[in-house]
Amino acid sequence: MFRRQTDHYVATFAVDEVRVLRKVASEVVGLLTDGFDHTDPVVGRLFPAVYPKDAAGSAEFRRYTEGDLKTAKIDQAGAILAALPDEAGGEVRLDAEAAEAWLRALNDARLAMGVRLEIKDGTDLGEELDDAVTEDPGSSRVFQLSVYAYLGYLQESLLNALID
């Protein structure tokens, strides 16, 4: 998918891919703005306690760093939105800075989806998807697991292009 062209990282996206990426990035922005809730497990995953055994210390650290971290995460998701073609498919060209923002935003989106889908470290995604298809091929879970897998593929593709 992503390939290096001189000092840029280039990929061509179909219209459906653009729609999915736009929706995912917009949902991350929404989660970090209007829907920001410290009791949400997704927020906990994106902003883990720095000192798991010291709630007061973690709260103090969060007080000083959370605003900047939230802004950075919103900007990174915004980098995806800014680089995508409007409503059609098309080419995306990223410089090194934008590529790194995409990697971080894709990671945040996968972390968020992983929490919602209850994906754990040892989860076999292929098996999980097969089970979901067997249970109900038209379910939203099948679609969400497919998007989760696609984001992982996209993230790996971009990372490989960066290190080539």
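- By the naming in an unreviewed UniProt entry, the protein chain goes by DUF2017 domain-containing protein and is assigned to Micromonospora parastrephiae.

1. Overview of the pattern of salt bridges
Then comes step 1: Here the structure, examined in full by the defined rule, presents nine salt bridges.
Then comes step 2: Close ionic contact of Arg116 with Asp40 constitutes a salt bridge, the shortest N to O distance being 2.8 Å. Here the residue Arg116 occupies a position in helix α4 (residues 96–117), and Asp40 occupies one in the loop between α1 (15–32) and α2 (41–46), the gap between them amounting to 76 residues.
Then comes step 3: A salt bridge links Arg62 to Glu66, with the nearest nitrogen and oxygen atoms 3.7 Å apart. Linking Arg62 with Glu66, this pair stays in helix α3 (residues 55–83), spanning four residues, or about one helical turn.
Then comes step 4: The class for Glu66 is buried, based on a relative accessible area of 14%.
Then comes step 5: Through salt bridges with shared partners, a single network forms among Arg3, Glu91 and Arg93.

2. Let's talk about the environment of Leu81
Then comes step 1: Mapped onto the elements of the fold, Leu81 is located in helix α3.
Then comes step 2: For the pair formed by Leu81 and Gly67, sequence separation is 14 residues and the distance between their alpha carbons is 21 Å.

Thresholds applied
- Residues numbered from 1 in each chain as written.
- Predicted model: local features only at pLDDT ≥ 70, side-chain atom pairs only at ≥ 80, totals over all residues.
- Heavy atoms only, no water.
- Salt bridge = Lys/Arg side-chain N within 4 Å of Asp/Glu carboxyl O.
- Helix = DSSP H or I, 4+ residues; strand = E, 2+ residues; numbered from the N terminus.
- Buried < 20%, exposed > 50% of the residue type's maximum accessible area, 1.4 Å probe, protein only.

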